[in-house]
Amino acid sequence: MATPLPDPGGLADRPGIAWSAWTSAFPAMTSEVGADPPRTAAPELPAAAEPMSASAQAQRRRRLDPFLAALGGTGLLSVIAVLGDVVPGRVADVACTAAWLVFAGQCRRVATAPHAARAVRVYWRMIGAAGLLFALAHLLYAFGRPRGTPSEDPIRLAAMALIAAAVATLGWAVVTYPMQAPRHDRRRLLLDVATVMTALTMFAWLLWLPDGSPDGSPVQQGLSLLACLLALLGVTAGVKLRLSGSAPWIPPAGVFVCLGVLVGSWSLANLVSLGPNEIKLVQAGQLAAALLFALGARVQWTRMRVVPAGLSMRRRAVNSPLPYLAIAASLTMLVTVLVYEGLTVRGWGMVVGVVAIAGLAMVRQSLAFGENSRLLRRLRTAIRDLHQQERRFRSLVQNASDLTLLLDPDSTVRYASPALHDLLGLDPPQAVGRRLTALAPDAAAAIEQLLADVQAQPRSAHRAQLCVAADPGPRWLEALATNRMDDPGVGGVIVNVHDVTDSRRLEERLREQAMHDELTGLPNRFLLNERIQTMQDGTGTSGRHDAVLMLDLDDFKSVNDQLGHQTGDGLLVVVAQRLRRSVRPVDIAARVGGDEFVVLLSDTTRDGAVATAQRIHAALSEPMTVGEHQLSVGASIGVALGSVDRFDDLLRDADTAMYTAKRDPDGVRVHVVD
């Protein structure tokens, strides 16, 4: 019944101590959001659980839950009424029953939330069932009529059975909650949890036997043992969640749970030490604990509107000091009991506990040795692979034909590969400590511009071609500079230099072939057009005159037909040589096809153009020796005067003048069109 018992021992066997079972379900709320579903590496969230916006979350935080406010206000008034002895003890038990029922109802809402993680649902469903058992125990005590001594009273025995079932349910919830740890770390974590819990069991054994051996009635001993187990269960949950780094609740709910644990711990500690007149204080503590747990469940459900998964998780420590502290505490308890009591029942319990901890520590150390051995093997393998890669890289760099340089920000050479000797004739040690411009002074300007461009932007890359003096002749080098000054492992500019001399010469040779006549070596039509375009872009002097000479050999077809194409080709080569000697270096003599040639005279006069045409005609009129043949050929020359800006018109006029010269009855082979 709710009436005070005649002694504190009678109070101790009241089912009201069931509040302490909640400590197993609500350890210290120091975790952060997150937890794993059973047998999975990470919690599974339904696809519909979409993150809320920051504004929506803030609005929901500011919104006050009416039910939460009503529950808190009613609970506060109820606790004050119990403390003031305004209500009888039976009413206090009814209030505790109602608080546990509210807690069970809120647990059901959390467990059935649509987006809750699986681990959250299982955990809150199980502790909600335990809440129903505690509520039923308080209900029996509120409306039952105790008969005889506590050990013979069926109501008290039934209430104790309900409390034991609730404790077993809570213990199963704690034990089966998944640990947030990789598979290879779970054995180590389980051993750490077992070590800490063994030390806590020794401490519970120490408190259960204050005089070194069992004392009091069986009911009192059972209730004391049950209270120790409840406290031990709560600490077990806290240790497990502390080591694994996950918890099936949201941190704000833990504030109320922590307060409930503190109030309940005080009530349990003073349950057998308070006098009959102070029973109301213990009843108020039990009611306050139940209300705080109910508030925590309500806060959990409310906050799941913002965090749908309902999980909290923090970064798990790689090495926790808790197992080492547990070993030190167990040794301290053993030494203290043996010194003051000897081998009593409590002393033998300490011995068994220390032996168990020693065995767990040996297994844990064996696992650590095995893990260290595996890590050392992996480290040796990684070092060996690293050395192989370093040797491979060094061999590639030292035997590469390309030059690799590492420059400081001021362009001082920090490293140079052996290819430096082949490219610039210097040994790498001679280059280290010198500026790159000093190694290639001929390309100093291009080098400075390249380094300025690449240092202007981090992690940029720029290319440039450099012409440097070398033996036996100048070399063309292509340099690729990469800015790696922000890389701690490099801290400079990497320059890769490739010798492109052969490519450059081949390019020039191909250009020469593309722009010159293959037979005579004179510029062809492409080079002529390029020079004309250059002259047109550079014109601007007033009064400037240019001239175009169109030249065609007389009777060249007869030479080919009678003496063969080889003789005709030789004749064209001799004509080209005499053309070069007959014009100024600034003039252009080009072969535009067959036996036709074009001469472009820049910045000349009419008299100068005519004199050049007559000089060419006289040179070509002289006999020519081609192989075994002595040939005399003539040429018809048309001259057009004007500006190079109208080159097409000049070329057409020169062609017309040339055909006019061919048809001249007087035999004059030079005709001028002004």
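Note: the structure precedes this text.
About the criteria used
Residues numbered from 1 in each chain as written. Predicted model: local features only at pLDDT ≥ 70, side-chain atom pairs only at ≥ 80, totals over all residues. Heavy atoms only, no water. Helix = DSSP H or I, 4+ residues; strand = E, 2+ residues; numbered from the N terminus. Buried < 20%, exposed > 50% of the residue type's maximum accessible area, 1.4 Å probe, protein only. Areas by Shrake-Rupley, 256 points an atom, 1.4 Å probe, with all protein chains shown as cover. Patch = residues over 30% accessible without salt bridge, like charges linked within 9 Å, V, L, I, M, F, W, Y side chains within 5 Å. Salt bridge = Lys/Arg side-chain N within 4 Å of Asp/Glu carboxyl O. Pairing = 2+ DSSP bridges. Axes fitted to C-alpha atoms, helices over the stretch in contact; angles between N-to-C directions. Phe/Tyr/Trp six-rings, centres within 6.5 Å; stacked < 30°, edge-to-face > 60°. Lys NZ or Arg CZ within 6 Å of the ring centre and 35° of its normal. Polar contact = N/O pair within 3.5 Å; in protein donor to acceptor, adjacent residues only side chain to side chain. Contact = heavy atoms within 4.5 Å. Lys, Arg positive; Asp, Glu negative; His and termini not counted. Charge placed at Lys NZ, Arg CZ, Asp CG, Glu CD.

**Structural notes on the overall build of the protein**
Each helix and strand counted, the protein has 22 helices and 14 strands in total. By residue count, 45% of the 674 residues in the protein fall in the buried class. Roughly 34,200 Å² of accessible area belongs to the protein as shown, and the carbon and sulfur atoms make up 59% of that amount.

**Some details on a nonpolar patch on the surface**
A surface patch of nonpolar side chains, amounting to about 400 Å² of accessible area, comprises Val94, Leu136, Leu139, Leu140 and Phe143. Ranked by residues supplied to the nonpolar patch, first place goes to helix α5 (residues 118-143) with four residues. Positionally, Phe143 belongs in helix α5.

**What about the sheet that holds strand β5 (residues 461-468)?**
With antiparallel pairing, five strands are arranged side by side in an open sheet as β4-β3-β7-β6-β5. Of all the strands in the sheet, just β4 (413-416) and β5 have a single pairing partner and so form its edges. Here the average twist between neighbouring strands, direction ignored, is 25°. In this sheet, β4 lies alongside strand β3 (residues 403-407) in antiparallel orientation, the contact comprising three bridges. Each residue of the ladder has a partner; that of Leu407, found in β4, is Val413.

**Regarding the packing of aromatic side chains**
Summed over all chains, the structure comprises five aromatic pairs. Pairing Trp100 with Phe134 gives two aromatic rings, centres 5.7 Å apart and planes at 35°, and the pair type is tilted. On the criterion of sequence distance, the pair formed by Trp100 in helix α4 (residues 89-111) and Phe134 in helix α5 is long-range, its members being 34 residues apart. For Trp100, a relative accessible area of 0% corresponds to the buried category. Chaining the aromatic ring pairs together yields one cluster made of Trp100, Phe103, Phe134 and Phe293. The residue whose ring lies beneath Arg109 is Trp301, and the NZ or CZ to ring-centre distance is 3.7 Å. Against the face of Trp476 rests Arg504, its NZ or CZ located 3.6 Å from the ring centre.

**Structural notes on unusual backbone geometry**
Phi angles above zero are rare outside glycine, and Asp555 is one such case at about 55°. Assignment of secondary structure puts Asp555 in the loop between β8 (546-553) and α19 (556-563). The backbone phi angle of Asp603 is positive, close to 50°, even though this residue is not glycine. Tracing the sequence through the fold places Asp603 in the loop between β10 (596-601) and α21 (606-621).

**Quick word on the side chain of Ser417**
Looking at the element boundaries, Ser417 is found in the loop between β4 and α13 (419-424). Residue classification places Ser417 among the buried positions, given a relative accessible area of 0%. There is a polar contact of 3.0 Å between the side chain of Ser417 and the backbone nitrogen of Thr404. Apart from the residues lying within four places of it in its own chain, the contact partners of Ser417 are Val397, Asp402, Leu403, Thr404 and Pro428.

**Section: a positive patch on the surface**
A cluster of like positive charges, contributed by Arg187, Arg374, Arg377, Arg380 and Arg384, occupies part of the molecular surface. Top element by residues in the positive patch is helix α12 (residues 345-398). It accounts for four residues. Position of Arg187 relative to the elements: it lies in helix α7 (residues 183-208).

Geometry only, nothing functional implied.
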